[in-house]
Amino acid sequence: MDLDNAITNQSGASTPPETVEELVLDTVKATKVTGLEKFTNLKTLTLNGCGLTTLEGFPTLPKLMCLELSDNQLSGGLEELQECGLFQLSRLSLAGNRFATLDSLQALVRCLHSLTGP
């Protein structure tokens, strides 16, 4: 199943996307996150074990509190999260990805710093 079909199945075809607060899309095969732009009230998003290789184009989700990206193929690109307005994010899971060094996580430190202030 692709990501767009999984989103429709999870949220329900008749449910307005702006009313959905949680999507569990674990193991849905995708290399990048697409199709979530209309889910502006999403609070929890799990994309564990999907095969993601990039966060390029990650949608702006201002109410997202929990983001799980474990067991993917991510090795960098966390700077993409800086542009996404994740002002409520309090939980981020990145276990089981391909970050080779702590330098790969530097963009995440800048992102978190910008969320919490100086």
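The rules we used
Residues numbered from 1 in each chain as written. Predicted model: local features only at pLDDT ≥ 70, side-chain atom pairs only at ≥ 80, totals over all residues. Heavy atoms only, no water. Helix = DSSP H or I, 4+ residues; strand = E, 2+ residues; numbered from the N terminus. Buried < 20%, exposed > 50% of the residue type's maximum accessible area, 1.4 Å probe, protein only. Areas by Shrake-Rupley, 256 points an atom, 1.4 Å probe, with all protein chains shown as cover. Salt bridge = Lys/Arg side-chain N within 4 Å of Asp/Glu carboxyl O. pLDDT = per-residue confidence, 0-100. Pairing = 2+ DSSP bridges. Axes fitted to C-alpha atoms, helices over the stretch in contact; angles between N-to-C directions. Contact = heavy atoms within 4.5 Å. Core = buried A, V, L, I, M, F, W, Y, C linked by side-chain atoms within 4.5 Å.

(A) Spotlight on the overall build of the chain. Each helix and strand counted, the chain has two helices and four strands in total. Expressed as a percentage of the 118 residues in the chain, the buried residues total 38%. In the form shown here, the chain has an accessible surface area of approximately 6,400 Å², with 50% of it arising from carbon and sulfur atoms.

(B) Examining unusual backbone geometry more closely. Despite not being glycine, Thr27 shows a phi value in the positive range, around 65°. Taking the relative accessible area as the measure of exposure, Thr27 reaches 55% and is therefore exposed. One non-glycine residue, Asp71, adopts positive backbone phi at about 60°. Here Asp71 is to be found in the loop between strand 3 (66–68) and strand 4 (91–93).

(C) Here's a closer look at the pattern of salt bridges. Applying the stated rule across the entire model yields two salt bridges. The partner of Lys43 in a salt bridge is Glu21, and the shortest N-O contact between them spans 3.9 Å. One end of the pair, Lys43, is in the loop between strand 1 (22–24) and strand 2 (44–46); the other, Glu21, is in the loop between helix 1 (3–11) and strand 1, and 22 residues separate them in sequence. Judged by relative accessible area, Lys43 falls into the partly exposed class, the value being 32%.

(D) The arrangement of the confidence of the model for the chain in detail. In this model, the chain carries an average pLDDT of 86, and 85% of its residues clear a pLDDT of 70 or more. Taken element by element, the chain is modelled with least confidence in helix 2 (residues 106–116), mean pLDDT 56, and with most confidence in strand 2, mean pLDDT 97.

(E) The sheet that holds strand 3, seen in detail. What the four strands build is an open sheet, ordered 1-2-3-4; its pairing is parallel. With partners counted over all chains shown, the strands left at the sheet margins are strand 1 and strand 4, one partner each. Going across the sheet, the axis of each strand differs from the next one's by a mean of 5°, ignoring polarity. Bridge analysis of strand 3 against strand 4 gives three bridges, and the strand direction is parallel. Paired with Leu67 across the two strands is Leu92, which belongs to strand 4.

(F) Representation of the environment of Leu67. Within the fold, Leu67 resides in strand 3. In this structure, the C-alpha to C-alpha distance between Leu67 and Lys43, residues 24 residues apart in sequence, is 8.5 Å. In this structure Leu67 touches Leu45, Phe58, Leu81, Leu89, Arg91, Leu92 and Ser93, once residues within four positions along its chain are discounted.

(G) Inspection of the nonpolar core at higher detail. Residues Leu23, Leu25, Leu45, Leu47 and Phe58 are the most contacted members of the largest nonpolar core, which totals 30 residues. When residues of this core are assigned to their parent elements, the largest contribution, three residues, is made by helix 1. With near-sequence residues (within four places) excluded, Leu25 lies in contact with Leu3, Ala6, Ile7, Gln10, Leu45, Thr46, Leu47 and Cys50.

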